[in-house]
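Each chain, written out:
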Amino acid sequence: AQRVTQPEKLLSVFKGAPVELKCNYSYSGSPELFWYVQYSRQRLQLLLRHISRESIKGFTADLNKGETSFHLKKPFAQEEDSAMYYCALRGSQGNLIFGKGTKLSVKP
Amino acid sequence: DTGVSQNPRHKITKRGQNVTFRCDPISEHNRLYWYRQTLGQGPEFLTYFQNEAQLEKSRLLSDRFSAERPKGSFSTLEIQRTEQGDSAMYLCASSLTTSGIYEQYFGPGTRLTVT
């Protein structure tokens, strides 16, 4: 079965602290993984994709096939990072399979 | 182009009524997806179109749900005989497969409340 698990509903950190949002997936084959972000009152938008191996807004994510994980990391959280983060897996029809999301709250 | 648009943004209806939502994708995007999101959950895939062809229907939640994309441009999602359990956010997304990137761009959603 194709599934994405985000174990934390809420993650609260102080500004300047490191952040790691966890994502595990279940997929037979070569997965394509994404992180989407939704800021308050805004639409869902792509943050980064694993195939690009890029860093966006200081965030990185590495695909670990052995652990079937795609955790999102940032060394120093900023208040503007507060948002809802969704890990997603590309399904066989190009659709996205989302996790339940993690709400990140960065306190001043 | 201002991105994917959805109308209406909010819809309140009484149980048993029919509702229709519209999605206007980014122009020239050939794929269009519909998702449903309920409280505390991530978006759930419902159906998608490649141009005007609906290539997946089995994920639609019941036969009360139907979708069209008549000219390969805008799409409509209809729910007949609404039930309280249909209350959710309905999201539309579009992508351009010929770019090879497959990034999906989401609309703001239509929030449906069934009373």
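Everything below is about the structure shown above.
Note that the structure is a prediction, hence the values are computed from the model and not measured.

When helices and strands are counted, chain B shows zero helices and eleven strands. Relative to a compact globule of 115 residues, whose C-alpha radius of gyration would be 13 Å, chain B shows 13 Å and is just as compact. In terms of its C-alpha atoms, chain B occupies a principal-axis envelope of roughly 40 × 25 × 25 Å. In chain B, which comprises 115 residues, the share counted as buried stands at 49%. For chain B, long-range pairs separated by at least 24 residues make up 54% of all intrachain contacts whose partners lie at least 6 apart in sequence. Approximately 5700 Å² of chain B is accessible, and the part contributed by carbon and sulfur atoms is 45%. Put simply, chain B has 14 plus and 12 minus side-chain charges, and the middle of one group is 6 Å from the middle of the other.

We now examine the interface of chain A and chain B. Opposite the 15 residues of chain A that make contact, chain B presents 22 residues. Counting the contacts that link chain A with chain B gives one salt bridge. Residue E103(B) pairs with R49(A) through a salt bridge whose shortest N-O separation is 2.9 Å. At the junction of chain A with chain B, the criterion picks out eleven residue pairs in polar contact (both at pLDDT 80 or more). For the side of chain A that touches chain B, the per-class residue count stands at six nonpolar, four polar and five charged.

Another point: the sheet that holds strand β7 (residues 60–61) of chain A. Residue and element names in this part refer to chain A. Overall, antiparallel pairing links the three strands, which are arranged β3-β8-β7 in an open sheet. Lying at the two open borders of the sheet, with one neighbouring strand each, are β3 (19–21) and β7. Of the strand pairs in this sheet, β3 and strand β8 (residues 72–74) are connected by three bridges, and their pairing is antiparallel. Counterpart to E20 in the pairing with β8 is K73.

In total, this model carries 15 aromatic pairs over all chains according to the counting rule given. Relative to Y90(B), the ring of F21(B) has its centre 5.4 Å away and its plane inclined at 40°; by these criteria the two rings are tilted. Within this pair, whereas F21(B) is found in strand β3 (residues 19–24), its partner Y90(B) is found in strand β9 (residues 88–95), the two being separated by 69 residues in sequence. Centre to centre, the rings of F65(B) and Y90(B) are 6.5 Å apart; their planes meet at 35°, and the pair counts as tilted. Of the two residues, F65(B) sits in strand β7 (residues 65–68) while Y90(B) sits in strand β9, which places them 25 residues apart along the sequence. Since its relative accessible area comes to 5%, F65(B) is described here as buried. One aromatic cluster is present, formed by F34(A), Y36(A), Y86(A), F98(A), Y33(B), Y35(B), F45(B), Y48(B) and F106(B) through successive ring pairs. Looking at K107(A), its charged tip hangs above the ring of F14(A), at a distance of 5.8 Å from the centre.

Residue P8(B) is bonded to the preceding N7(B) through a cis peptide linkage, with omega at -5°. Here P8(B) lies in the loop between β1 (5–7) and β2 (10–13). Positive phi values are uncommon outside glycine, yet K57(A) reaches one of about 55°. One non-glycine residue, N51(B), adopts positive backbone phi at about 55°. On the secondary structure map, N51(B) appears in the loop between β5 (44–50) and β6 (53–56).

Attention shifts here to the state of the cysteines. Between two cysteines, a covalent bond joining their sulfur atoms is known as a disulfide. Summed over all chains, the structure comprises two disulfides over all chains. Here C23(A) pairs with C87(A) through a disulfide, and the sulfurs are 2.0 Å apart. Between C23(A) and C87(A), the disulfide has an S-S torsion of -65° and is therefore left-handed. In this pair, C23(A) sits in the loop between β3 and β4 (24–26) while C87(A) sits in strand β9 (residues 83–90), placing the two residues 64 residues apart along the sequence. The two residues C23(A) and C87(A) agree in class, both being buried. Shown here is the disulfide that connects C23(B) with C92(B), its sulfur atoms set 1.8 Å apart. With the S-S bond torsion at -65°, the cross-link from C23(B) to C92(B) turns out left-handed. Of the two residues, C23(B) is situated in strand β3 and C92(B) in strand β9; the sequence distance between them amounts to 69 residues. Each member of the pair C23(B) and C92(B) is classed as buried.

So, how was this worked out
Residues numbered from 1 in each chain as written. Chains lettered and ligands numbered in written order. Predicted model: local features only at pLDDT ≥ 70, side-chain atom pairs only at ≥ 80, totals over all residues. Heavy atoms only, no water. Helix = DSSP H or I, 4+ residues; strand = E, 2+ residues; numbered from the N terminus. Rg over C-alpha atoms; globule rule 2.2 N^0.38 Å. Buried < 20%, exposed > 50% of the residue type's maximum accessible area, 1.4 Å probe, protein only. Contact = heavy atoms within 4.5 Å. Areas by Shrake-Rupley, 256 points an atom, 1.4 Å probe, with all protein chains shown as cover. Lys, Arg positive; Asp, Glu negative; His and termini not counted. Charge placed at Lys NZ, Arg CZ, Asp CG, Glu CD. Salt bridge = Lys/Arg side-chain N within 4 Å of Asp/Glu carboxyl O. Polar contact = N/O pair within 3.5 Å; in protein donor to acceptor, adjacent residues only side chain to side chain. Nonpolar A, V, L, I, M, F, W, Y, C, P; charged D, E, K, R; others polar. Pairing = 2+ DSSP bridges. Phe/Tyr/Trp six-rings, centres within 6.5 Å; stacked < 30°, edge-to-face > 60°. Lys NZ or Arg CZ within 6 Å of the ring centre and 35° of its normal. Disulfide = S-S within 2.5 Å.

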